[in-house]
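Residue-level listing of the chains:
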Amino acid sequence: MTFTQELIEKNLSVWQQCLDSPFLQQLGAGTLDEACFKGYIVDDSLYLREYAKVFAWGMTKAEDLEAIRTYYSLLSFVNEGEGATRLVYLKRYGLDDASIQLLPQRPENLAYTDCMVKAARDGQGAPECMMACLPCMVSYQWIFQRLLQQYPNVRQTPFWPLVRDYTSDAYEQACQSWLAYTDRICQDLDTERKAQCSEIFRECSLHELHFWEMSLQPRTDFP
């Protein structure tokens, strides 16, 4: 079992709690209040802005071009894939990216992004950076694949474009590539540093759960 497989195995119970959260269950069933989904799209857009900073810290500490290329591919995926879908939803809700950037992050969102940025900023290098961003990437693939299996009719709901992003073959291939890179850079870590990396992965997985729990409460501060 690879290091990333071990990390995923240890955190599956947290990811299952995410999948079982009322927000995601209602989204899959097509019964989620769109006010909650609107708030989620705004919160996630603010999250992605801070998420990009994790890669910026990674690039400043990069010791080879492979690391820089990996961070660049991650940043491009966020901007061209996830970000593009969110812009479509923002337009649907009469919002634009410039106006929502003035909104504050909610406490659960801020705690999560602070945790990620701190791990990348204060860590020794690429392993800590990847530990900070991997839970978001790979848990979304795991969660939304199972959500689609549980609720195949989500394809007929307004939430399908989001689900489609994370259940596509392209997203699965990208996740596998990032996991393989992470296993390579972590294979020679000593026991203490592996434990530190495992803790970062665990903490960020728990923040994922708190984010989903937060999302059931709609925002009321739109411009």
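It should be noted that the structure appears before, not after, this text.
Criteria and cut-off values
- Residues numbered from 1 in each chain as written.
- Predicted model: local features only at pLDDT ≥ 70, side-chain atom pairs only at ≥ 80, totals over all residues.
- Heavy atoms only, no water.
- Helix = DSSP H or I, 4+ residues; strand = E, 2+ residues; numbered from the N terminus.
- Rg over C-alpha atoms; globule rule 2.2 N^0.38 Å.
- Buried < 20%, exposed > 50% of the residue type's maximum accessible area, 1.4 Å probe, protein only.
- Contact = heavy atoms within 4.5 Å.
- Areas by Shrake-Rupley, 256 points an atom, 1.4 Å probe, with all protein chains shown as cover.
- Lys, Arg positive; Asp, Glu negative; His and termini not counted.
- Charge placed at Lys NZ, Arg CZ, Asp CG, Glu CD.
- 1 Å grid on protein atoms, 1.4 Å probe; cavity = no way out; pocket = protein on both sides within 12 Å on 5 of 7 lines; lining within 4 Å.
- Points joined across faces, edges and corners; volume = space filled by probe spheres on them.
- Nonpolar A, V, L, I, M, F, W, Y, C, P; charged D, E, K, R; others polar.
- Phe/Tyr/Trp six-rings, centres within 6.5 Å; stacked < 30°, edge-to-face > 60°.
- Lys NZ or Arg CZ within 6 Å of the ring centre and 35° of its normal.
- Axes fitted to C-alpha atoms, helices over the stretch in contact; angles between N-to-C directions.
- Parallel < 35°, antiparallel > 145°, perpendicular 65-115°, else oblique.
- Left-handed = near helix turned anticlockwise from the far one by under 90°.

Participant: Would you mind going over the overall build of the protein with me for this structure?
Facilitator: Helix and strand content of the protein: 10 helices and zero strands. Radius of gyration (C-alpha) of the protein: 17 Å, near the 17 Å computed for a compact globule of 223 residues. Overall, the C-alpha framework of the protein stretches about 45 × 35 × 30 Å when taken along its three principal axes. Among the 223 residues that make up the protein, the fraction classed as buried is 52%. Considering only contacts within the protein whose residues lie at least 6 apart along the sequence, 85% involve residues at least 24 apart. When the accessible surface of the protein is split by element, carbon and sulfur atoms take 52% of a total near 10300 Å². Averaged over its 20 positive side-chain charges, the protein has a centre that lies 3 Å from the centre of its 31 negative ones.

Participant: Is there a simple way to think about empty space enclosed by the protein in this case?
Facilitator: With a probe scaled to a water molecule rolled over the atoms, the places where space remains empty come into view. If you walk through the whole model with that rule in mind, you get two cavities of 30 Å³ or more. Those elements that provide at least two residues to the lining of the second largest cavity are helix H3 (34-61) and helix H10 (191-214). Classifying every residue of the lining of the second largest cavity gives four nonpolar, no polar and two charged.

Participant: Sorry if this is basic, but what is going on with the environment of phenylalanine 222 here?
Facilitator: Along the polypeptide, phenylalanine 222 turns up in the segment after H10. Residue classification places phenylalanine 222 among the partly exposed positions, given a relative accessible area of 22%. With 130 residues separating them along the chain, phenylalanine 222 and arginine 92 place their C-alpha atoms 14 Å apart. The contact partners of phenylalanine 222, leaving out residues within four places of it in the chain, are Lys38, Gly39, Val42, Leu95 and Leu103.

Participant: Please clarify how the packing of aromatic side chains should be interpreted in this entry.
Facilitator: We describe a pair of aromatic rings using the distance from one ring centre to the other and the angle between the two ring planes. Counted under the stated rule, the structure contains 19 aromatic pairs. Here the aromatic rings of tryptophan 15 and phenylalanine 201 are separated by 6.3 Å at their centres, their planes lie at 35°, and the arrangement is tilted. Taken together, the residues span a long stretch of sequence, with tryptophan 15 in helix H1 (residues 3-19) and phenylalanine 201 in helix H10 at a distance of 186 residues. Accessibility expressed as a relative area gives 1% for phenylalanine 201, which makes it buried. One cation-aromatic arrangement involves lysine 194 over phenylalanine 3; the distance from NZ or CZ to the ring centre is 5.2 Å.

Participant: Honestly, the packing of helix H2 (residues 22-29) against helix H7 (residues 126-150) in this entry has me stumped. Any pointers?
Facilitator: Close contact between H2 and H7 brings their axes to 9 Å; oriented N to C, the two are set at 45°. Relative to H7, the element H2 is oriented oblique. In the packing of H2 onto H7, the handedness of the crossing is right-handed. In this structure, H2 contributes Leu24, Gln25, Leu27 and Gly28 to the contact, and H7 contributes Ile143, Phe144, Leu147 and Gln150.

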